[in-house]
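One letter stands for each residue in the lines below.
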Amino acid sequence: MIVAVIGLGTFGAKTAMRLFDKGAEVIAIDKDQDLVNKIKERVTHAVVLDVTDERSLRSQNISDVDTAIVAIGDHIEMSVMAVAMLRKLGVGRVIARATSALHEHVLHEIGASEIIKVEEEMGNNCIEKLSHHMF
């Protein structure tokens, strides 16, 4: 399985490394050289590029990936542009992180296959853990 992880903040980097540890071929992508340098030994391939640059994405054979994960959380516009570009280039399965209800709606509208709501899901996990100790 070939997976591209776009956005190498905490969530994206952890996701990329765990997928690699589980045997996936992982292409880790970010525009920040420092983030790419931190992960390059823990994934198949790490590259610095702007995901809104179609030529750069094509140079990484992005259309060959089985799944792309857009882990960008702080920059909603970049997240939306990344999903749109991946869909344009023919990536079949695009999983995207949403940080708000509107962000989630827009990602669905432009063709994200699945949406991850990290903060909401972690809040639910925390409540589940706490409730086991309370009752």
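Structure: above.
Because the structure is predicted, anything quoted here is derived from the model rather than measured. (Residues numbered from 1 in each chain as written. Predicted model: local features only at pLDDT ≥ 70, side-chain atom pairs only at ≥ 80, totals over all residues. Heavy atoms only, no water.)

## With respect to the overall build of the protein chain
Link 1 in the chain: Across its full length, the protein chain carries 6 helices and 6 strands.
Link 2 in the chain: When the helices and strands of the protein chain are listed from N to C terminus, the series reads β-α-β-α-β-α-β-α-β-α-β-α.
Link 3 in the chain: For the protein chain, whose C-alpha radius of gyration is 15 Å, the value lies close to the compact-globule estimate of 14 Å for 135 residues.
Link 4 in the chain: Expressed as lengths along the three principal axes of its C-alpha atoms, the size of the protein chain is roughly 55 × 35 × 25 Å.
Link 5 in the chain: By residue count, 41% of the 135 residues in the protein chain fall in the buried class.
Link 6 in the chain: Counted over contacts in the protein chain with a minimum sequence separation of 6, partners at least 24 positions apart contribute 46%. (Helix = DSSP H or I, 4+ residues; strand = E, 2+ residues; numbered from the N terminus. Rg over C-alpha atoms; globule rule 2.2 N^0.38 Å. Buried < 20%, exposed > 50% of the residue type's maximum accessible area, 1.4 Å probe, protein only. Contact = heavy atoms within 4.5 Å.)

## Remarks on the pattern of salt bridges
Pairs can form between side chains of opposite charge whenever their charged atoms are close.
Link 1 in the chain: Here the structure, examined in full by the defined rule, presents 5 salt bridges.
Link 2 in the chain: Arg42 is the salt-bridge partner of Asp21, the closest N and O atoms lying 3.3 Å from each other. On the criterion of sequence distance, the pair formed by Asp21 in helix 1 (residues 10-21) and Arg42 in the loop between helix 2 (33-39) and strand 3 (45-48) is long-range, its members being 21 residues apart.
Link 3 in the chain: For Asp21, a relative accessible area of 45% puts it in the partly exposed group.
Link 4 in the chain: Judged by its relative accessible area of 37%, Arg42 falls in the partly exposed class. (Salt bridge = Lys/Arg side-chain N within 4 Å of Asp/Glu carboxyl O.)

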